[in-house]
Amino acid sequence: MAKKLPKTDIVTVGVGWVGGIIASELTKKGYKVVGLERGKSRSTQDYLKVHDELRYAQRYELMQDLSRETVTIRHNLKQKALPYREWGSFLFGDGLGGSGVHWNGQTYLFLPYDFEIYSKTVEHYGKNKIPKGMTIQDWGITHDELLPYYNQFLKMSGISGEPNPLKGSPQYKYPTKPMLESSEMKLFKDAASKLGYHPYSMPSANLSENYTNPDNISRGACQYCGFCERFGCEYGAKADPVVTVLPVAEKTGKYELRTHSVVRKVLHSGGKATGVLYVDTRTGEEYIQEAEVVVLSAYQMNNVKIMLNSKLGKPYDPKTGQGVIGKNYAYQVNFGGSTGFFDKEYNVFAGAGALGANLDDFNGDFFDHSDLNFIHGANVRIGKSGNRPIQNNAVPAGTPSWGKEFKDASIKYANRTISVGAQGASMPWADNYLDLDPTYKDAFGDPLVRMTFNWKDQDKQLGKYLGEKTAGILKEMGASKVNQGGQKVGDYDIRNYQSTHNTGGSIMGADPETSALNNYLQMWDCENVFSAGANAFGHNSGYNPTGTVGALAYRAAEGIEKYLKKGGSLA
Amino acid sequence: MSDKKNQNGVQDNSRRVFLKNSGLTVGGLIVGGALGGLIGKKPGSSKPASTEPGGHQMSNSSNPSRALMYFTNQEDFSTIEAAAEQIFPKTDVGPGAKDLDVAYYIDHQLAGNWGLNTKEYMSGPFSLADSVPELGYQTHLKRHEIFDLGIQALNSTAQKKHKKKFHELEGDQQVAILKDFEADKVKLNGATSASNFFGLLRKATIEGVYADPMYGGNKDMAGWKMKNFPGHQMSYKDIIEKDSFVKMDPKSLSSM
Ligand SMILES: Cc1cc2nc3c(=O)[nH]c(=O)nc-3n(C[C@H](O)[C@H](O)[C@H](O)COP(=O)(O)OP(=O)(O)OC[C@H]3O[C@@H](n4cnc5c(N)ncnc54)[C@H](O)[C@@H]3O)c2cc1C
Ligand code: SF4
């Protein structure tokens, strides 16, 4: 029998960016928050030997232990789904701070177009532009409405950046100056400008200068150490929940963090949650934490899993299109990038997670899609995160992948390779969705999430188009050889890392028939459950997600306070 | 270019000195946890963190990472050593897998978490029949078992083709067999494929060339030196804007 614990105001399921922001905002307002985190605690003190590519990047030191929990994957409704047994395509975080600890810090807000993608597509191109089966919809909130929350995230984390020079692009005030510019970035910017594009420095949560935020949290500047993505920052320069929002919550005396606590279910009756059921993995004991408000902040995929296993909301059925939980799973079209090989050597080992330059000329609806058979686009970018030697062994197309020729080419080009990436937007489809697996279970016997997902023609066309653009930029940059991306794309392949930008599954919207959450991230079907992860995105943009996740978390914090004051549905 | 090796301003190996010189403070506060914890501490006082610089230099004979943790006989070890050497051979550019101790690295990895698949989802049912390559690892076999099967198959193929053990073959004979493995032209006597084994072997070989020497490979950081990779440094802030290539002596994790 699970032991009942005294009721708290708010319980968060997971303590990453969302759990951290909710904790800081609501404890500052005087509410009691309990944070349940399945992994262990950690601080910058734990990064003594963090510059270890094998341990952190290849062996996934900071990621979820897949032996306890994973997802299953299939390409279509007819296939049997198989477990994602080892890490590949995407990586889920684990432990205090979640993926917010080992992310890069590339921080964007989605475009005004994204929030009203359905209306704007119909307005510009007519209804026929939307192919059968593509389930795009407006988000129930506009970019302008979200802007104040986005600015809160920018200021809290101290984002470094410069204005986007593209005409019609939204302008943000970054609290710190842009990151330093490397020679590769300069090369990219010059070439892109010559081609008539509008490059600017990548907005970065790796601080460009020492910074004190509005909560009075001080952090030092980035050292461009080159061990950022998949690593924690020993300097606290990279904004992560552990060095920004969590200390604020702790200082109030209203926050109680419990690590090694895996939440299995949200308990509810009559359309209201009473609390959560969790297991202390050290003692093996089960507890019920009662709360006025439950926040699902366990990352996109896990949030959907907990909703389904808790029987919260109506599961989505791909055959009828009815139901909402599991609907509109989307990802990122990352195969339109190209790799250039240069005669000159660059200091490719130096870098920072969110150091780079990018352009939005082919993103959103900034270019005319009348004659193109896809919608949306990509942020095109050169990232200078620091090339580490195990992970980076690019060779010109046609070179064998092992043996003498491979060895000599991979060494010759080790410091002569520059990639231009294209972070392509991913649209939702009626038959790309999430539900519970009928066969495979997690360590507690609960069903795993089953992902049904494959690339569609839209993705292939987009990738092909982007491959031409990224290769074109590399040629202008002076590459002697270019491996052009996006030309041949088969089935979704989970073996290679692509991005941890999984979105959708319990999306926000204006209508309870077609969305799981209202625009305060409150569940339509259970008024005291909120969830602000990327599960709330109606589709995925041509950007990284966390800026938008952060903004939605601030929006949810405001909603929770409103709910605690007056109750009921906020929309 | 070697006169430029200290251009990043870091002359001393210790993180303590780095922190003192780097101005990593905000309003008198020391920022940076792993580093903040070190400041003020006398060298070698409590934490084993401040070991002697250059502690990595070891003569071959006393190199403790040359003890075997997984392989139980010389022949298996020699098979892997020979196969890894063909994947990453000695060339004019620099040493190959054998001289870099890559087989020792692979041995250690097979004995640990990676070889035992401890962080992977290994619950059944296993549906090899339903699997397609794009859906990844779908065998009940752990990586060390796949290596055992692979080694067996390398030797039985060598025996069939040339009446010799794999490691006794000429280089081009070994390459031809490995190509057959890569292309799945050989059947492994178990629930996995030759190309799976080859993929793991290739991955582990590259890791053994470039992982920190503490894992047993990348002997004397020669893998890094070949690639001009500086290993574990505190900061590249002072070189990030430089247009010319900066060559640095690499540092291993044991040198901090
Ligand atoms: C390698 C990598 C690089 C990335 N780089 C970028 C980038 O540059 N820019 C960008 O915008 N985004 C990036 N991302 C994505 C970014 O990390 C996520 O968008 C963000 O961290 C999501 O925040 P979250 O709070 O929703 O989830 P998380 O940060 O994942 O936090 C969820 C927490 O919940 C815990 N949890 C899960 N299940 C349970 C349970 N049942 N019970 C209790 N606790 C649970 C987890 O352990 C975890 O700590 C990257 C991700 C990865 C993996
Ligand atoms: S690159 Fe900068 S932000 Fe990233 S880990 Fe290194 S010092 Fe920290």
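Just so it is clear, the model here is predicted, and its values are computed rather than measured. In this convention, every chain numbers its residues from 1, walking through the sequence in written order. Here chains are named by letter from A upward and ligands by number from 1 upward, in the order in which they appear as written. Confidence filtering applies because this is a predicted model: local features only for residues at pLDDT of at least 70, side-chain atom pairs given and counted only at 80 or more, and all residues used for totals across whole chains, interfaces and linings. Only hydrogens and water are removed before side-chain values are computed, so all heavy atoms of the structure are retained for them.

Points about the site of ligand 2
Residues and elements named next belong to chain A.
No. 1: Inspection of the region around ligand 2 gives Asn206, Cys222, Gln223, Tyr224, Cys225, Phe227, Cys228, Cys233, Tyr235, Lys238, Gly351 and Ala352 as its neighbouring residues.
No. 2: When atoms are counted within 2 Å of each cavity's grid points, the one that captures over half of ligand 2 is the second largest cavity.
No. 3: Of the residues assigned to the shell around ligand 2, the class counts are eight nonpolar, three polar and one charged. Near is defined per residue: the residue qualifies when any heavy atom it owns lies within 4 Å of the molecule or strand. Here a cavity denotes a set of grid points, spaced 1 Å apart and computed over the protein atoms alone, in which a 1.4 Å probe fits but from which it cannot get out, and a pocket denotes an open set meeting protein on both sides within 12 Å along at least five of seven lines; residues with an atom within 4 Å of a point are reported as lining. Molecules are considered to sit inside a cavity or pocket once more than half of their atoms lie within 2 Å of its grid points. Each residue is assigned to one class: nonpolar for Ala, Val, Leu, Ile, Met, Phe, Trp, Tyr, Cys and Pro, charged for Asp, Glu, Lys and Arg, and polar for all the others, Gly among them.

Observations regarding the sheet that holds strand E3 (residues 71–74) of chain A
Where strands meet in a sheet, backbone hydrogen bonds hold them as pairs that are either parallel or antiparallel.
Residue and element names in this part refer to chain A.
No. 1: Across the sheet, four strands lie side by side as E4-E3-E18-E17; this open sheet has mixed pairing. Only two strands of the sheet have a single neighbouring strand rather than two, namely strand E4 (82–83) and strand E17 (433–441).
No. 2: Strands are labelled as partners when DSSP assigns at least two bridges between them. Put simply, DSSP H or I for four residues or longer makes a helix, DSSP E for two residues or longer makes a strand, and each gets a number counted from the N terminus. In terms of strand pairing, E3 meets strand E18 (residues 447–452) through four bridges, oriented parallel. Note that in E18 the partner of Thr72 across the bridge is Arg450.

Topic: the UniProt feature "domain: Glucose-methanol-choline oxidoreductase N-terminal" (unreviewed entry) in chain A
No. 1: UniProt positions are given in the numbering used here, feature names are shortened, and annotations may be inferred rather than shown by experiment. UniProt's feature table lists "domain: Glucose-methanol-choline oxidoreductase N-terminal" (unreviewed entry) at residues 215–329 of chain A, given in the numbering used throughout.
No. 2: From the first C-alpha to the last, residues 215–329 of chain A spans 35 Å; its make-up is 15% helix and 33% strand.

Side note on the interface of chain B and chain A
No. 1: Across the contact, 85 residues belong to chain B and 82 residues belong to chain A.
No. 2: Buried area is understood as the total, over both parts, of accessible area removed when two parts are fitted together, assessed with a 1.4 Å probe. When chain B packs against chain A, close to 6800 Å² is buried across both sides, 58% of that on carbon and sulfur atoms.
No. 3: Contact with chain A buries area across many residues of chain B, yet B:Lys119, B:Tyr121 and B:Ile240 alone supply 13% of it, more than any other trio.
No. 4: Salt bridge, as used here: a side-chain nitrogen of Lys or Arg that lies within 4 Å of a carboxyl oxygen of Asp or Glu. Remark: the boundary between chain B and chain A carries three salt bridges.
No. 5: The residue B:Asp243 makes a salt bridge to A:Lys344 at a minimum N-O spacing of 3.4 Å.
No. 6: Any N or O atom pair separated by 3.5 Å or less is treated as a polar contact, with the protein-specific requirement of one donor-capable and one acceptor-capable atom, and with residues adjacent in sequence counted only for side-chain atom pairs. Our enumeration of links across chain B and chain A arrives at 38 residue pairs in polar contact (both at pLDDT 80 or more). Residues count as neighbours in contact if any of their non-hydrogen atoms are within 4.5 Å of one another.

Concerning the sheet that holds strand E15 (residues 378–383) of chain A
Residues and elements named next belong to chain A.
No. 1: With antiparallel pairing, six strands are arranged side by side in an open sheet as E5-E14-E15-E16-E13-E19. Looking at the sheet topology across the chains shown, the edges are occupied by strand E5 (200–201) and strand E19 (481–483).
No. 2: Of the pairings in the sheet, the one linking strand E14 (residues 356–359) to E15 comprises four bridges and is antiparallel in character. Opposite Gly356, over in E15, you have Gly383 as the bridge partner.
No. 3: Between N-to-C directions, angles span 0 to 180 degrees; the directions come from axes that are lines fitted to C-alpha atoms, helices contributing only their stretch in contact. Sheet strands touched by helix H6 (residues 183–194): E5, E14, E15 and strand E16 (417–424). Its angle to E14, the strand with the most contacts, is close to 15 degrees.

Describing the pattern of salt bridges
Here the idea is simple: oppositely charged side chains can pair when their charged atoms come close.
Residues and elements named next belong to chain A.
No. 1: Tallied over the entire structure, the rule returns 35 salt bridges over all chains.
No. 2: When the shortest N-O distance is used, the salt bridge between Arg38 and Asp94 registers 2.8 Å. With Arg38 in the loop between strand E2 (33–36) and helix H2 (53–58) and Asp94 in the loop between E4 and helix H3 (112–115), this pair connects stretches of sequence that are 56 residues apart.
No. 3: On the basis of relative accessibility, which here comes to 19%, the residue Arg38 falls in the buried class. Only protein chains enter the accessibility calculation, which uses a 1.4 Å probe. A residue is then buried if its area is under 20% of the maximum for its type, exposed if over 50%, and partly exposed in between.

Thoughts on the packing of helix H6 (residues 143–162) of chain B against helix H7 (residues 171–182) of chain B
All names here are of chain B.
No. 1: Between H6 and H7, the least distance of the axes is 11 Å, while the angle of their chain directions is 125 degrees. With respect to H7, the axis of H6 lies oblique. As for how H6 packs across H7, the hand of that crossing is right-handed. On the side of H6, the interface is formed by Gly150, Ala153, Leu154, Thr157, Ala158, Lys161 and His162, while H7 contributes Gln173, Ile177, Leu178, Asp180 and Phe181.
No. 2: For the contact of H6 with H7, a count of residues per class yields six nonpolar, four polar and two charged. For this classification, under 35 degrees means roughly parallel, over 145 means roughly antiparallel, 65 to 115 means roughly perpendicular, and everything else is oblique. Less than a right angle of anticlockwise turn of the near helix away from the far helix marks a crossing as left-handed, whereas a clockwise turn marks it as right-handed.

Notes on the packing of aromatic side chains
Each aromatic ring pair is specified by the distance between its two centres and by the angle formed by the two planes.
Residue and element names in this part refer to chain A.
No. 1: When the centres of two rings from Phe, Tyr and Trp lie within 6.5 Å, Trp using its six-membered ring, the rings pair. Their planes under 30 degrees apart give stacked, over 60 give edge-to-face, and anything left gives tilted. Using the criterion set out here, one finds 49 aromatic pairs over all chains in the structure.
No. 2: Geometrically, the ring pair formed by Phe115 and Trp139 is edge-to-face, given 5.1 Å between the ring centres and 75 degrees between the ring planes. Taken together, the residues span a long stretch of sequence, with Phe115 in helix H3 and Trp139 in the loop between helix H4 (117–125) and helix H5 (143–157) at a distance of 24 residues.
No. 3: Accessibility expressed as a relative area gives 1% for Phe115, which makes it buried.
No. 4: For Trp139, a relative accessible area of 0% puts it in the buried group.
No. 5: Judged by centre distance (5.1 Å) and plane angle (70 degrees), the rings of Tyr150 and Tyr172 are edge-to-face. Here Tyr150, found in helix H5, pairs with Tyr172, found in the loop between H5 and H6; they are 22 residues apart in sequence, far enough to count as distant.
No. 6: Given the relative accessible area of 13%, Tyr172 is considered buried.
No. 7: Three or more aromatic residues joined by ring pairs form one cluster here, namely Tyr60, Tyr84, Trp87, Phe90, Phe92, Tyr299, Tyr329, Tyr331, Phe335, Phe453, Trp455 and Tyr492.
No. 8: Should the NZ of a Lys or the CZ of an Arg lie within 6 Å of a ring centre and within 35 degrees of the ring normal, that charge is described as sitting over the ring. The lysine or arginine in question, Lys129, covers the ring of Tyr125, its NZ or CZ lying 5.3 Å from the ring centre.
No. 9: Sitting over the ring of Tyr497, Arg230 keeps its end group 4.8 Å from the ring centre.

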